[in-house]
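Summary of structural features
For reference, the chains in residue letters:
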Amino acid sequence: MEIKKGLFYSNDHEWVKVEGDVALVGISDFAQHALGEIVYVEMPDEGDEFVAGDVFGVMESVKAASDSFTPVGGEIIEINEELEDEPQLINEKPYDAWIFKIKLSDPSEVEKLMTPEAYEEFCNKED
Amino acid sequence: MHKFIPNTKNDILEMLEVIGVKDVNDLFLDIPEEFRLTNELDLQSGMSEIELRKHIFNVANKNKSIDELTCFLGAGAYDHYKPSVINAIASRSEFYTAYTPYQPEISQGTLRIIFEYQTMMSGLTGMYAANASLYDGQTAVVESAIMAIQSKRKCDTILVSKSVHPESRKVLKTYLSHQNINIVEIEMNDGVTDLEDLKGKLDKDVAGVIVQSPNFFGIIEDIEPIVEATHANKSILIQSVDPMSLGILKSPGEMGVDIAVGDAQCFGNPINFGGPYLGFIATTKKLLRKIPGRIVGESADKDGKRAFVLTLQAREQHIRRERATSNICSNQGLNALLATVYLSTIGKEGLKEVGMQCINKANYAIKKVTESGKYALKFNKSVFKEFAIEGKNDVAEINEKLLNENILGGYDLSKEYEELNKVSLYAVTEKRTKEDIDTLSEILEVI
Amino acid sequence: MNYDKLIFEISKEGRRGSSLPEMNIEKKELNELVPEKFIRTSELNLPEVAEGDVVRHYTRLSAMNYGVDSGFYPLGSCTMKYNPKINEEVAANPKLANVHPYQAEETVQGSLEIMYDLSGMLSEISGMDTVTLQPAAGAHGELTGIMLIKAYHRSRGDLKRTKVITPDSAHGTNPATINMAGFEAVEIKSNENGEVDIESLKAVLDDEVAGFMLTNPNTLGLFERNIKEIAELVHEAGGLLYYDGANMNAIMGKTRPGDMGFDVMHFNLHKTFSTPHGGGGPGSGPVGVKKKLEKFLPVPVVSKNNEKYFLDYDRPESMGKVKGFYGNYGVMLKAYAYILTMGAKGLREASEMAVLNANYMMNKLKDYYKLPIDRVCKHEFVLDGLIDNHEVSTLDIAKRLLDYGYHPPTIYFPLIVHEALMSEPTETESKETLDEFIEAMIAISKEAKENPEILKNAPSTTNIKRIDEVRAARDLILKWEK
């Protein structure tokens, strides 16, 4: 299982990549393994506003459907349309397959997330 | 032992020995003693087939069926023609004694039929996809409202036209009162949804708008302006539709409707005193993932052979539990089978012809019944197979007299619409003949 | 059978499978009767086939199906018992089937009498005071029952009750129902005996609890021995106790939910009372209640006054309607015929033999398959995969059973047993059938050790092999297209 450096991680196994006041959000390798082959990602709409912890959509595999929570708040500025037709990209390259870009309403929220090292420990406990 | 139970005395003894107990009652010792029944239940002793047949004959004779009466009653339950083929197929116990097709390798029969059914229903309604069926037309309306709410998470209101079947509105009210969703009714104008009233009620809280066409009074509503107004408000438009009309009338999909629902009892299902019927729901590609209940998809087996399987199951209650889109578990599999065989038999030309006969005969009946001026058409609108007639007597009184002549009269609209006192809703299907209609109008004349 | 057609693929322009009588009135064109904008312009996608084609096509499809009439169907929690043929005959009686729901009451006295009597018989079997027949299925009955619980609390002005409890072994419909009725589902753990953990229950019981949904025997097929204490605790906390009737086949004539302290329950006529499952429905899910909930029942209630039956709508405190008309009447007719055929003694014997058959199978299989809780079961039991074999999954075992000609048990339910194989033989199966099935199960356990590939590649004898479910869900082909 890969935990990519340079990202922040949430308790719900999302990763966050910060680029200025914008963040890219996806799910971790751990999460995609747990879900199995993903068949559908329900995405937010551009312009939707969320606070950290809100449900932004649903991730479906054949055997599970789980709500997905945004680890950071803000306004959705772009969604990854590729995932609409090829949700399996999340299984194949979880750290390239970002789900949405969000304009951070409070960039300091990111500091509450885990570092790769902390996340690794977190996953070990979950296993 | 009862005839449905094959265990013999010896079998029982051998089995008890394997289990290691002496008596069958020893298998029930985990029931606290105070709750164990010591006497037999207070029911009659079992009947033989001879006795049961006689009993059923006697009870059934207290009914008068629509085989004995000429039926002009509709209002959501219809006396359409059912080809003999339907019963022959539906009696095959490989179909009716099967469970839900959870083991697709030995359920391709059921799965293929549902796939055919989905194809037919999505095609008829002009929608992208249909599910494997819901309980009935009323609960289908409810499920569509819940779909609308789930797709518009920030909204909490459903608008429903008063021209929608009263039972649908009642069931909707029961369900939604538990979910903190407001239901606001749209007023009617001359028997159809009042567009201005609708526009006035559309606001940011409205998730969906429910209309029916042909509506409860049989009138074909002008759906397109309703769709336009609803979409301008970013709300979802739900149309309840009599699928029998779709051979000739414009489909919900062609008019931009987002969710089409209704009851397909009319397709080969017995009228059965109100159930089991066949709820259907069909929707756009965009809303597909919100559709409740079962759905069958095409795939392939590991040898690459075409195969069908239940799909999109992850959003159902088995897996999602309290977060499922609905708690519905079963579908009306056998009723969907009847509808599929009906549509296969009646076919492309047949469905158009049924529609043409309904609409022609209904219009002929309007002409005949209103000819003398004693009765009047209540709403001057285009109808499909039902129409509202206003007379000078109470409908109950008229119907009693019709019944004496072995005619099942129309639905008494005053039961649900106070203002429609002395107005009766007649249904004329392709089964009614010129003679039936002429007789009806002659008798009405002398009441 | 190697047949791979859909009805659309045997269609040919110009064929037809039906005919209508000539219309002997003047026929008008559609555009003379309705405005042009109401007329359909898109093509109908219905098939064009001759009558004989229809019959042969669907007869061929029927050969790709497996029903209770085809063979043993030990599908746990589903009670796949024999569906008596007399039931079908009764339900097809034209004087009962061809009746319009809005006919005048005096013309439907026979139908109303049957509904009235069926309610009475179900009340007696369950120990409840009144039964409504309106709900269309088990899950629909659950929803009606939980809404009744809400109506009860609301009528007392007790608005703070927002939670309903279920055990973690519950069927998925329970929590889904709770949510749909506007409550919050609270799950409690089962104890090591597979029963409700009393301490966990106590920990969540407070004045916000509206009710507790329980199946007894539970989904492990085990009787909840502490039912008395459970009922007392729930009632003391001001909640009501809901009985999920999925497992009624274990207790008819032996004990009654009403006596155990349950306040509201649903029946599954399509399980316990032998009505066929129809390939997924229709079911019928009547709901029984104790006196204090009676006035909240859905309208109409079938009532009797001076030997005349009527539909009573005059019930001001009713929760409303949950379904169009009066319920799945056609299914009720079958259950009615069944109960009359069985009588009190027959129903008791049915439950006794259902339990005997299950215990027999369980004892014969427990040396080969893991039995998580070894005690007397009721009408079904749950195994947890093979003993000491991690290579072969429950799915593989189920698929291999198809090769042996059986419908497999329910798999992966209840969720608390990882490799669950839930078997319910029912009372209508003979010892010989059980023995043959047991032999097949033992043979499979040996194959799992000696040649696990056979299981992983199973089924190999069916006309369709294992299906790619991921592809079905990703590609979503939901209709046939030219």
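These numbers were taken from a predicted model, which means no experiment stands behind them.

Secondary structure summary: chain B contains 13 helices and 17 strands in total. Every one of the 447 residues in chain B was classed for burial, and the buried ones make up 64%. Once local pairs closer than 6 in sequence are excluded, the contacts in chain B between residues at least 24 apart make up 72%.

What follows deals with the sheet that holds strand S8 (residues 236-240) of chain B. Residues and elements named next belong to chain B. Read across the open sheet, the 7 strands follow the order S2-S10-S9-S8-S7-S3-S4; overall the sheet is mixed. Of all strands in the sheet, those bounded by a partner on one side alone are strand S2 (129-130) and strand S4 (182-186). Where strand S3 (residues 157-161) and S4 come together, 5 bridges link them in parallel fashion. Across the sheet, Thr 157 pairs through a bridge with Asn 182, a residue of S4. Sheet contacts for helix H6 (residues 137-151): S3, strand S7 (206-212), S8, strand S9 (259-263) and strand S10 (279-283); angle to S9, the most-contacted strand, approximately 160°.

Moving on, we get to the domain arrangement of chain C. Segmentation of chain C into domains returns domain 1 (7-62), domain 2 (86-341) and domain 3 (344-456). Domain 1 of chain C and domain 3 of chain C are separated by 48 Å when their C-alpha centres are compared.

With that settled, the discussion passes to the pairing of S7 of chain B. Residue and element names in this part refer to chain B. Among the 7 residues that make up S7, 7 are buried, leaving the element largely enclosed by the rest of the structure. When S3 meets S7, the two strands line up parallel, connected through 4 bridges. Within S7, the position partnered with Ile 158 by the bridge is Gly 208. In this sheet, S8 lies alongside S7 in parallel orientation, the contact comprising 5 bridges. Among the inter-strand pairings, Gln 212 is bridged to a residue of S8, identified as Ser 240.

The next subject is the domain arrangement of chain B. Residue and element names in this part refer to chain B. For chain B, the assigned domains read domain 1 (9-56), domain 2 (70-81 + 349-445) and domain 3 (85-340). Here the C-alpha centroids of domain 2 and domain 3 sit 28 Å apart. Each partner contributes residues to the interface: domain 2 has 24 residues there, and domain 3 has 23 residues. Those elements giving two or more residues to the side of domain 2 that touches domain 3 turn out to be helix H11 (333-370) and strand S14 (386-390). Ranked by the residues each element gives to the side of domain 2 that touches domain 3, the list is headed by H11, at 7 residues. A breakdown of the residues in the side of domain 2 that touches domain 3 according to their chemical character gives 13 nonpolar, 4 polar and 7 charged.

On average, residues of chain C carry a pLDDT of 96, and 100% of them reach 70 or more. Reported confidence for the predicted complex is 0.97 by ipTM and 0.96 by pTM.

Moving on: H6 of chain B. The first and last C-alpha atoms of H6 of chain B sit 21 Å apart over 15 residues, in line with the 21 Å expected at 1.5 Å per residue. By the criterion of burial, H6 of chain B is predominantly enclosed, with 13 of the 15 residues buried.

Facing 6 residues of chain B, the contacting portion of chain A comprises 9 residues. Residues belonging to the side of chain B that touches chain A are distributed by class as follows: 2 nonpolar, no polar and 4 charged.

This part takes up the sheet that holds strand S7 (residues 65-69) of chain A. Residues and elements named next belong to chain A. Judged by pairing direction, the sheet is antiparallel, and its 3 strands sit side by side in the order S4-S6-S7 without closing on themselves. A single partner strand is all that each edge strand has here, and the edge strands are strand S4 (38-41) and S7. In this sheet, adjacent strand axes meet at a mean angle of 25° when their direction is disregarded. Sheet topology note: the strand S6 (residues 55-61)/S7 ladder contains 5 bridges and is antiparallel. Directly across from Val 58, in S7, lies its bridge partner Asp 67.

Here Pro 83 of chain B is to be found in the loop between strand S1 (70-71) and helix H3 (84-90). When the 19 C-beta atoms within 10 Å are taken as the criterion, Pro 83 of chain B is described as partly exposed. Sequence separation of Pro 83 of chain B and Tyr 342 of chain B is 259 residues, and the distance between their C-alpha atoms is 7.1 Å. Residues within four places of Pro 83 of chain B in sequence aside, it is in contact with Tyr 342, Thr 345 and Ile 346 of chain B together with Ser 18 of chain C.

Bringing unusual backbone geometry into the picture now. Residue Pro 300 of chain C is bonded to the preceding Val 299 of chain C through a cis peptide linkage, with omega at -10°. Looking at where Pro 300 of chain C falls in the secondary structure, it is placed in the loop between strand S7 (287-289) and strand S8 (301-305). Cis peptide bonds are those with omega within 30 degrees of zero, and the linkage from Phe 413 of chain C to Pro 414 of chain C qualifies with 0°. Take Pro 414 of chain C: it is sitting in the loop between strand S11 (410-411) and strand S12 (420-423). The phi angle at His 13 of chain A is positive, at roughly 70°, despite the residue not being glycine.

Okay, the interface of chain B and chain C next. Contact residues are listed per partner, giving 165 residues for chain B and 169 residues for chain C. For the side of chain B that touches chain C, the residue count by class is 75 nonpolar, 55 polar and 35 charged.

On to the nonpolar core. Soluble globular proteins: nonpolar side chains tend toward being buried together. Core analysis: the largest hydrophobic core is formed by 335 residues, its most contacted members being Ala 145, Ile 210 and Phe 280 of chain B together with Leu 148, Tyr 242, Val 264 and Met 332 of chain C. Tallying contributions element by element places helix H11 (residues 329-365) of chain C first for this core, with 23 residues.

The rules behind the values
Residues numbered from 1 in each chain as written. Chains lettered and ligands numbered in written order. Predicted model: local features only at pLDDT ≥ 70, side-chain atom pairs only at ≥ 80, totals over all residues. Helix = DSSP H or I, 4+ residues; strand = E, 2+ residues; numbered from the N terminus. Buried ≥ 20, exposed ≤ 12 C-beta atoms within 10 Å, placed from the backbone. Contact = placed C-beta atoms within 7 Å. Pairing = 2+ DSSP bridges. Axes fitted to C-alpha atoms, helices over the stretch in contact; angles between N-to-C directions. Domains from an automatic or database assignment. Nonpolar A, V, L, I, M, F, W, Y, C, P; charged D, E, K, R; others polar. pLDDT = per-residue confidence, 0-100. Expected span 1.5 Å × (residues − 1). Core = buried A, V, L, I, M, F, W, Y, C linked by C-beta atoms within 7 Å.

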